[in-house]
Structures are given as structure tokens and as C-alpha cells.
Amino acid sequence: MSANPFLAPSPLPFEFPDFDAIREEHFAPAFTAGMEEQRAEVDAITGDPAPPTFANTVVALERSGAVLQRVSAVFFVLVSSCSTPGIRAIEAEFAPRLAAHSDAIMLDPALFARLETLHEARHELGLDAESLRLLERLHRDAVRAGARLGAVEQERLRALNAELSTLSTEFGAKLLAGANDAAVLVEDAAELAGLSPDAVSAAARAATSRGHDGAYLITLVLPTGQPVLSSLADRGLRERVHRASVTRGLGGEHDTREIVLRIAALRAERAALLGHPHHASWAVEIGTAGTVDAIDAMLGKLAPVAAANAQTEADELSVAAGHLIEAWDRAFHAERVRRERFDLDADTLRPYLELERVLHDGVFHAAGRLYGLRFSERHDLPRYHPEVRVFDVFDENGQLGLFVADLYARESKRGGAWMNSFVTQSRLLGTRPVVLNTLNLARPADGQPTLLTIDNVRTLFHEFGHALHGLFSDVQYPTFAGTRVPRDFVEYPSQVNEMWLEDPEVLANYARHHETGEPLPPELVARLAESRQFGEGFATTEYLAAALLDQAWHRLGPDEQVTDVETFEADAIGAAGVAVPTAPPRYRTTYFNHIFGGGYSAGYYSYIWSEVLDADTVEWFAENGGLRRENGDTFRRELLSRGGAVDPMEAYRAFRGRDPEIAPLLARRGLAS
């Protein structure tokens, strides 16, 4: 154990994990030691004979669990990004143990008694605003976790939490394995007509890596819509890819339906124990939305208009195709109509969107202009995979932290894109941020550039918005650091950062031909802007269908039994008014990792909820001169640096000077009446 690298802070800069020293066999003993250490620290708090004070209870609790935090931060990155059979076995073993450990602290009666005493006297303790908010947060979280329940109810709650943790872990493992197994094998290269040469090369390498020399393998990413569907000319292959995508989790060894049904039932039972009619009520209570009625009001306003627009778009595409299109045809014919209508297509843009230029001259450049940041890649730190990159991040006051990028897809990585923190900022702990962005770009052939789609570029800017939220954190307590804000607020800063990808100065700086260096021609810039709302009916409908499906699963009461996943899904989407055949949900139930394997249960609505703030903020930047350092400093000071240390909507009002308005969102998505 003395050689276990998790038992002490990493000696590397910013406590960057020492991946040269970390071995798979270190995780299990570090988890065990970390839980034992934190349990002892909590026992010391509750065993203190002195009356409870903010320092000996709340601050002591904030300082606890250092080993557990270090090992968890690394381990759960590897679960998502560099999974192995050993990692998955450790996750399966420790997921319920970690849930039980959390419950042991949250439901500790002696600890809650101390928090209760402090909470009752909170306005007499002379606390600063952030300290008062921390005391209120810890007390609230304990109550929400069941601290006021009786012994019998708490015992049942512990069992529910343990089983839910196990099931979510199993769902994620089945999803990764199922996605790999569902990849579509193509024997005849002629079927790949329409794919770009680098996409064909990637498919050939994927096939070879799985023992299919001379063939091609189309791998699946997380959502319903697979990127290749916009390019493949072969309609039969498009159908094969689509059906492989939407049937993941339906049948075979990777079937997730029983897991889904059990998770939904357990969440409903837990909500009832905690005094709520359903899980959505419990989950939404701590968001900025506050109630499910507020969510219904927004989604209900958007759904009928979006569905009508999506159907109109499908009818137009059917005319262009010369036949009624199916779901697997939509992206292909949309791309061709886009090309004809705007003289613009993905293949025209990709040569101007080379990864290194987009990253340095786009993403980093915008952050420099807005916030005065500078980035310098370093090669001296160990990493968990050879493709991972590390950058020093500087502002005018010196080094701010580290930014880590893991950008390419691989079999051991789940689909999608996300942000993690290896180390979070805290003045109490004296730590500064080490943040990670993970994407799933297709790796080109050796020696070839990585050429992106405009959607890839948008994802880079989006995830970097999360990174900025973590890097700019300036709080006292780790509970409030960076992105530790309500679920329906966390997407707001990242969505705001997307605006800079089409800012004229930023676009001109990064959108240059990878061979000639020529800028994206002005006529293409204009067409890109003109085409911005093209297909928004479909995009909004597929998103809303997933958000409403999430709500349906989590509005179930404990006495409502569902036996058929597919029937429930179809009925829910139909009842919500978003059953457009060519616009299936962005995620179907059986591969909806956000809500059954991740932390977005009853919270997938948060993307569009946050987009209200985002669209309103874009207008603020436009009204104040756009890409100006003064604007960036204001946004950083009032919002990005505050984390969860202030009420997020109070922070928004301090920044914007008023409550958000929905009109900019409706106009952006072409939904304004």
C-alpha cells in the first residue's frame, strides 16, 4: 500500500495524476483505503465532544475524503475513455460499495444532528455568503438523501441506492459492448460510395483491427443518427446502419430492457420514500426549473411547432428524393438539398476545418481574445493513453491550470463528448484546476490531417466551454467548484461558447484550407450563415423526443408498472406530439446512457432549458460589441468563476441585468410565431 500512488497527492504539477505510476491493481485497494479514511474522518467529526461549529463540522467535512477523490477522479475517466475488462470488473465490484459509503455519511444520524443544529442557527453564526450557502447545501443534500427518514425506510433506501448503482454500471457496460458488436461490416467497397477517402480509410482500419482484413467496418457512435448516413449513397447500407443503431439494447447478450425497467421502478420507489410523487419531481427540485410544471410549460410550447416543422421538412425531402423518405434517408437527402439550396455541403467545408488549426486558431484564439488566455502544449507529463494531450493554461496573473484533451475515438471509449476534472479548484484545499475534454473524432490514416465537419467544430467549442467553467472556478469550497452547478444550468456556459465558431474574426482565423492556407471563401461564409436554420425542425424534434421520453420514464409512480419498453416509448413519444417517423428520438430508451448510465435522469431537458440563457446571452454579447476582452471579463467574473457558490439565476441576473427571455431561442431555432 505504501507504493499506491493514490494515497498521497501527486507530486506532479497541479497534482496531475502520475499515470506512469498508476496501475490497474492500485484502484481496488485505493478505493477501500479512501472509504476507510473518509469514514474515520466523519467519525472524528461526530465524536468531537465540542459543540458543533462551522469549522469543526462543515469545513472538516469539506476536507474529508482526499484519497477517495483522487482515485475516483482517475478511475471514472478510464471507465469512460480507456475501459478494459479489469476496469469494468472493478467498477462492478465498487459501484454498490461506493453507493453504500455515500449513504453511510449522508444518513449518519450524529452528523446530521450537528448539521441540523448549525442550520437552525445559521443566521447567527456570522458566516460569509459562500459559507452560509455551503451549510445550507450540505443540510439540504442530507435531507434529500433521507436523513430524516426512520430506520426501516433508511435501510430500504440504502438497498435501493446500492442496486441502482449496480444497474447503472451494468447498463453502461452493456451499451459499450453492444455498440462495438453492432458495428456494420461491409465487404464491397462499392457500397461505401459517397464516403470521404479518410472515412473509408478509417472503416478499413477498424475492420482490420477486428480481424476483417480487406473489409470495412462502420462503427456506431452514441446517438440514433449516425454521421455516415449523410454521405452513404447506397440506400440499403444506410438502412442497415440505421437499424443497427436503433436496435442496440434490443435482444442478445447486450439487451438492456430489463435493466431499464428495473431502474425506472427503483427510482420511482425511492422518490416515494423521499416524499415525491415520482423521480422527476425529486430530481428537478434542485434545478433552476424548480418544478416539472415549468419543464412542461417550456417543452409544451416548443413540441408542436418543432414537430410540424420536422414533418414539413420530411415532405420537402421526399419530393427531392422522388419517394417517401425513411429515417435512414433523411440525412442523405437533407445534405443534397442543402447543397442545392445553399451551394454548400460538408465535403466542401471539411478541407477548411483541420483539427490543429481549429483548436489553436479557433478555440484557443477565441479564449485568448475574450479572456486573455494563453496555451502551451507540454510533453513531460504522463498520460493514460498516447493520444492524450496536455496544455498549460495562462492568464495575465500567471498559470491558471492544465487543460487535457483526448480527442479520438477508440473501442475502449464510450461514444459522445464530455468534460471531466482530475483536480478541481478550491481555495480551502489550495488546489487549482486540471480539466479534461473528451471527444470521439475519427482518426485519419497515418500522415493525413484530421478534417472536421462543422458539427465536430461545434462540439470542440462546446466542450471547451465546460473546460472554461472549470478553469475559471474561483471558490473557497470544493462542493461549489467549476461545473458543480444545477444540472439544468451546467450546459449554459458550454452552449454560449459555441457562438464563437461562427464569429467573423474567429472563423477567418481558423477556417483555412489545410493545404493552401487560403481562408474560407466569403461566399461559403455567407452560405454557412444562410443555412443555419436548415433542418432545425428535425434537430429540435429529435432532441425534444428524447427529452420528453426521459420525462415519461421518470414521471412513473411507484405503483405504475411498465412491462414493455418499446410500447411505453412509442406511447410516450406519441402522447407528447413528437412522433415524426423520420425524426426518431436522439436516443432511444435502450441506449439512452445520459439517463440510465449517467447523471441526467429526468434532466435531459436541461440542454434546451440552458439554451434559453445561451441565446439571450448571445444577444448580450452582440449588444456589447461581441468578441471584446471587457465582455469576456464580465462573463468570467459574474458567471464562470462563481461555480455553485451563488444561486445560478442570481448570477445570471447580475450578468444580464434581468431575467432571461425566450424570444432569442425561438428565433434561433426558427420556432418564432
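The present account deals with the structure reproduced in this document. If you're wondering where the values come from, they're calculated on a predicted model, not measured in any experiment. (Residues numbered from 1 in each chain as written. Predicted model: local features only at pLDDT ≥ 70, side-chain atom pairs only at ≥ 80, totals over all residues. Heavy atoms only, no water.)

1. Structural notes on the overall build of the chain
Formally: A run of DSSP states H or I qualifies as a helix once it reaches four residues; a run of E qualifies as a strand once it reaches two. Both are numbered from the N-terminal end. Atoms counted for the radius of gyration: C-alpha only. Globule rule: 2.2 Å times residue count to the power 0.38. Note on exposure labels: buried denotes an accessible area under 20% of the residue type's maximum, exposed denotes more than 50%, and partly exposed covers the range between, all computed with a 1.4 Å probe on protein chains only. Working rule for contacts: check all heavy atoms of both residues, and any pair within 4.5 Å makes them a contact. What sets the accessible areas is the Shrake-Rupley method with a 1.4 Å probe; for residues, cover comes only from the shown protein chains. Neither His nor the chain termini are counted; the positive set is Lys and Arg, and the negative set is Asp and Glu. Note on charges: their place is set at NZ of Lys, CZ of Arg, CG of Asp or CD of Glu.
Helix and strand counts for the chain stand at 26 helices and 7 strands. Against the globule reference of 26 Å for 673 residues, the chain gives a C-alpha radius of gyration of 25 Å, in line with a compact fold. When the 673 residues of the chain are sorted by exposure, 56% land in the buried category. A separation of at least 24 residues holds for 76% of the contacts in the chain among residues at least 6 apart in sequence. Carbon and sulfur atoms make up 52% of the accessible area of the chain, which totals about 26700 Å². When the 65 positive and 97 negative side-chain charges of the chain are each reduced to one mean point, those points stand 2 Å apart.

2. Re the side chain of Thr-450
Quick reminder of the rule: Pairing of N or O atoms within 3.5 Å defines a polar contact, subject to two protein rules: one partner must be a possible hydrogen donor and the other a possible acceptor, and residues neighboring in sequence count only if both atoms are side-chain atoms.
In this fold, Thr-450 is placed in the loop between strand S7 (434–441) and helix H16 (454–471). A distance of 2.6 Å separates polar atoms of two side chains, one belonging to Thr-450 and the other to Tyr-408. The residues touching Thr-450, leaving out its near neighbours within four places in the chain, are Leu-353, Glu-354, Leu-355, Tyr-408, Ala-442 and Pro-444.

3. Details of the side chain of Arg-636
Relative to the assigned elements, Arg-636 resides in helix H24 (residues 629–640). Setting aside residues no more than four positions away along its own chain, Arg-636 makes contact with Tyr-371, Asp-395, Leu-400, Phe-472 and Ser-641.

4. Some remarks on the sheet that holds strand S5 (residues 398–408)
Under the convention used in this document: Strand pairing follows a simple DSSP-based rule, namely that at least 2 bridges must link the two strands. Lines fitted to C-alpha atoms define the axes, with helix axes restricted to the stretch in contact, and inter-axis angles between N-to-C directions lie between 0 and 180 degrees.
Taken in spatial order, the 5 strands of this open sheet run S3-S4-S5-S7-S6, and their pairing is mixed. Of all strands in the sheet, those with a lone pairing partner are strand S3 (374–378) and strand S6 (418–423), marking the two edges. Averaged over all neighbouring strand pairs, the angle between strand axes comes to 30°, with direction disregarded. Strand direction decides the pairing type here: S6 and S7, joined by 5 bridges, are antiparallel. When the sheet's bridge partners are listed, Met-419 is paired in S7 with Asn-437. In the packing of helix H3 (residues 66–81) onto the sheet, the strands contacted are S5, S6 and S7, and the crossing angle to S6 comes to about 150°. Contacts from helix H15 (residues 355–371) reach S3, strand S4 (389–395), S5 and S7, with the element oriented near 25° to S4.

5. Examining unusual backbone geometry
Although it is not a glycine, Phe-14 sits at a positive phi angle of roughly 60°. Tracing the chain through its elements places Phe-14 in the segment before helix H1 (24–46). The exposure class assigned to Phe-14 is buried, which follows from its relative accessible area of 15%. A positive phi angle is found at Asp-343, which is not glycine, with a value near 50°. In this fold, Asp-343 is placed in the loop between helix H13 (327–342) and helix H14 (346–349).

6. Let's talk about the packing of aromatic side chains
To keep it simple, the criterion reads: Centres within 6.5 Å make a pair out of two Phe, Tyr or Trp rings, where for Trp the six-membered ring is used; the pair is then stacked when the planes are under 30 degrees apart, edge-to-face when over 60, and tilted otherwise.
Summed over the entire model, instances satisfying the criterion amount to 41 aromatic pairs. Their ring planes at 70° and their centres at 6.1 Å tell us that Phe-54 and Tyr-477 sit as a pair that is edge-to-face. Linking Phe-54 in helix H2 (residues 54–63) with Tyr-477 in the loop between H16 and helix H17 (487–497), this pair joins segments that are 423 residues apart in sequence. On the basis of relative accessibility, which here comes to 13%, the residue Phe-54 falls in the buried class. The exposure class of Tyr-477 is buried, given its relative accessible area of 5%.

7. Details of the pattern of salt bridges
Charged atoms that come close allow side chains of opposite charge to pair. Going by this rule: Take a side-chain nitrogen of Lys or Arg and a carboxyl oxygen of Asp or Glu: if they are within 4 Å of each other, that pair is a salt bridge.
Applying the stated criterion across every chain yields a total of 52 salt bridges. For Asp-43, the salt bridge is made with Arg-39, and the minimal N-O distance between the two is 3.1 Å. One end of the pair is Asp-43 and the other is Arg-39, both in helix H1 and 4 residues apart, which spans about a single turn. Using a relative accessible area of 21% as the deciding quantity, one classes Arg-39 as partly exposed.

8. Structural notes on the nonpolar core
How we decide: Grouping buried Ala, Val, Leu, Ile, Met, Phe, Trp, Tyr and Cys residues that are joined through side-chain atoms within 4.5 Å yields what is termed a nonpolar core.
Among the nonpolar cores identified, the biggest contains 125 residues, and Tyr-510, Leu-544 and Trp-553 are the most heavily contacted of them. For Trp-553, the contacting residues outside a window of four places in its chain are Val-260, Leu-261, Ala-264, Val-562, Val-565, Phe-568, Thr-589 and Phe-596.

9. Examining H17
The buried fraction of H17 amounts to 10 of the 11 residues, a majority that puts the element mostly inside the structure. Residues Asp-488, Phe-489, Val-490, Glu-491, Tyr-492, Pro-493, Ser-494, Gln-495, Val-496 and Asn-497 constitute the buried set of H17. As for H17, its buried residues are in contact with H16, helix H23 (606–623), H24 and helix H25 (648–656).

10. Quick look at the packing of H24 against H25
Quick reminder of the rule: Roughly parallel means an angle under 35 degrees; roughly antiparallel means over 145; roughly perpendicular covers 65 to 115; every other angle is labelled oblique. Here a crossing is taken to be left-handed if its near helix is turned anticlockwise relative to the far helix by less than a right angle, and right-handed if that turn runs clockwise. All amino acids are sorted into three groups, where Ala, Val, Leu, Ile, Met, Phe, Trp, Tyr, Cys and Pro are nonpolar, Asp, Glu, Lys and Arg are charged, and the leftover types, Gly among them, are polar.
Put simply, H24 and H25 touch, their axes get as near as 9 Å, and they point 155° apart. Comparing the axis directions of H24 and H25 gives the class roughly antiparallel. Judged by the sense of rotation from one axis to the other, the crossing of H24 with H25 is right-handed. Of the residues in H25, those touching H24 at Thr-634, Phe-635, Glu-638 and Leu-639 are Ala-651, Tyr-652, Ala-654 and Phe-655. Of the residues that constitute the contact of H24 with H25, the class distribution is 6 nonpolar, 1 polar and 1 charged.

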